[in-house]
Amino acid sequence: MKVGIAMLETPQKVAVGRAHSKLILIGEHAVVYGQPAIAFPFKQIEVKVIVKNIEGNTIRIESPFYQGPLEQIPEKMEGLGDCILQTLKVLEQKTSGLEIQISSSIPIGRGLGSSAAIAIALVRGLFAFFNQELSNSQLMTLVERAETFAHGTPSGIDMMAASSANPIWFQKQHVVEHVKIGAPFHFVVADSGRVGDTYAAVKSIRDKYEIKPEKIEESITLLGKLALEVRQGLAAGDSQQVGDKLNQAQQHLALLGVSDPGLDGLVDTARTAGAIAAKLTGGGRGGCILALVENEQLGKKVADALIQAGAAQTWQYTIAKC
Ligand code: PMV
């Protein structure tokens, strides 16, 4: 490495881009059909992208999933490749002489927004490297391309939440709104350890919708109504109201077919261990659940029970009053 640096004709320049994970509290899937959803920034886990200049006429990717030139990026990462090229086009820069290192503590495919966070950190890193101001609309346009590769028809909630410092009220074609939090709320997030396939889960609902629109519409509309009630509960600092609505949301997600026996088992475990409520978060069919708990002490008990029940890892998460 040292040799490479010494051989550089131009001085070494380094820039860093970061983005955090996100948690969908309520409204996943329904949001695809135009219903509102609430999402939180989940800052404990994040993506870091380091951009450096290197000699040569290529862009080199260094990531846990792929190391090599951009031109040979695997199909699964095509969206990121496209995002890099589009960002360089917007920046009016050549597509060579760069090394892009991606590291992430966000597990992939668990409904925690890893693909959106990687794209956000990437765009931020490239703009920082070329000392350019990045507007939010530029960021969203560039990240949306990568998300479309990853998800097919993303609602946009992941990239909004992963780039926001605060809880958001998200509805397609509407301006993102702030969500008032009247008192701190504590959660435990548990990773089932199984990769979920958001693309397939969204498609499975779409397929059912085409056969029986009334049935799907009923759950979707109710999930929208529950999101509104959760928003009111959050503003009032009322954990029982919020919990009641989150439990109802889980029932509808199960009816829609995006929960599975593994997630149902973790949801039951959390509730039995004393959680006020528990539901899946994100695309489902694998991925994570979240559990609302009265306080951090109970959170520890619930987290231990979830690990005992087979969760791969857990995080305690508190959303502060704001
Ligand atoms: O990326 P995930 O698994 O958190 O899912 C995003 C939420 C969905 O509503 C399932 C899809 C979308 O595009 O909104």
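So, a few notes on the structure that sits alongside this text. Bear in mind that the values here come from a model prediction, so they are computed numbers and not experimental data. (Residues numbered from 1 in each chain as written. Predicted model: local features only at pLDDT ≥ 70, side-chain atom pairs only at ≥ 80, totals over all residues. Heavy atoms only, no water.)

**Some remarks on the packing of aromatic side chains**
Within a pair of aromatic rings, the relevant descriptors are the distance that separates the centres and the angle that separates the planes. A full pass over the atoms with the stated rule returns seven aromatic pairs. The interplanar angle of 25° and the centroid separation of 6.0 Å between the aromatic rings of Phe40 and Tyr317 together place this pair among those described as stacked. With Phe40 in strand S2 (residues 37-53) and Tyr317 in strand S11 (residues 313-319), the pair connects residues that are 277 residues apart, well separated along the chain. For Phe40, a relative accessible area of 2% puts it in the buried group. On the accessibility criterion, Tyr317 (4% relative accessible area) is buried. Ring plane angle 85° and centroid distance 4.9 Å describe the contact between Phe129 and Phe130, whose orientation is recorded as edge-to-face. Phe129 sits in the buried class, given a relative accessible area of 5%. Residue Phe130 is classed as buried on the basis of its relative accessible area of 17%. One aromatic cluster is present, built from ring pairs that chain together Phe40, Phe42, Phe187, Trp315 and Tyr317. (Phe/Tyr/Trp six-rings, centres within 6.5 Å; stacked < 30°, edge-to-face > 60°. Helix = DSSP H or I, 4+ residues; strand = E, 2+ residues; numbered from the N terminus. Buried < 20%, exposed > 50% of the residue type's maximum accessible area, 1.4 Å probe, protein only.)

**Re the packing of helix H2 (residues 78-90) against helix H4 (residues 136-151)**
Relative orientation and spacing of two packed helices are given, respectively, by the angle between their axes and the distance between those axes. Packing of H2 against H4 brings their axes to within 7 Å, and their N-to-C directions diverge by 155°. Between H2 and H4, the angle falls in the class roughly antiparallel. For the crossing formed where H2 meets H4, the hand is right-handed. Note on element contacts: H4 touches H2 through Gln138, Leu142, Arg145, Ala146 and Phe149, opposite Glu78, Gly79, Asp82, Cys83, Gln86, Thr87 and Val90. (Axes fitted to C-alpha atoms, helices over the stretch in contact; angles between N-to-C directions. Parallel < 35°, antiparallel > 145°, perpendicular 65-115°, else oblique. Left-handed = near helix turned anticlockwise from the far one by under 90°. Contact = heavy atoms within 4.5 Å.)

**As for the site of the ligand**
Residues in close proximity to the ligand total 15 residues, the closest being Lys22, His29, Ser155, Asp158 and Thr198. In this structure, an oxygen atom belonging to the ligand sits 3.4 Å away from a main-chain N or O atom of Gly111. A total of 370 Å² of accessible area belongs to the ligand in isolation, and the protein chains cover 96% of it. Of all the secondary structure elements, the ones that give two or more residues to the shell around the ligand are strand S1 (14-26) and helix H5 (157-162). A class-by-class count of the residues in the shell around the ligand yields five nonpolar, seven polar and three charged. Counting contributing residues per domain, the shell around the ligand is built from domain 1 (14-170) and domain 2 (181-319), each supplying no fewer than three. (Near = heavy atom within 4 Å. Polar contact = N/O pair within 3.5 Å; in protein donor to acceptor, adjacent residues only side chain to side chain. Areas by Shrake-Rupley, 256 points an atom, 1.4 Å probe, with all protein chains shown as cover. Nonpolar A, V, L, I, M, F, W, Y, C, P; charged D, E, K, R; others polar. Domains from an automatic or database assignment.)

**Quick look at the side chain of His252**
One can find His252 in helix H8 (residues 239-256). In this view, His252 contacts Ser219, Leu222, Leu223 and Leu226; residues no more than four positions away in its chain are not counted.

**Overview of a positive patch on the surface**
There is a patch of like positive charges on the surface, built from Lys208, Lys212, Lys215 and Arg285. Here Lys212 lies in the loop between helix H6 (198-211) and helix H7 (213-236). (Patch = residues over 30% accessible without salt bridge, like charges linked within 9 Å, V, L, I, M, F, W, Y side chains within 5 Å. Salt bridge = Lys/Arg side-chain N within 4 Å of Asp/Glu carboxyl O. Lys, Arg positive; Asp, Glu negative; His and termini not counted. Charge placed at Lys NZ, Arg CZ, Asp CG, Glu CD.)

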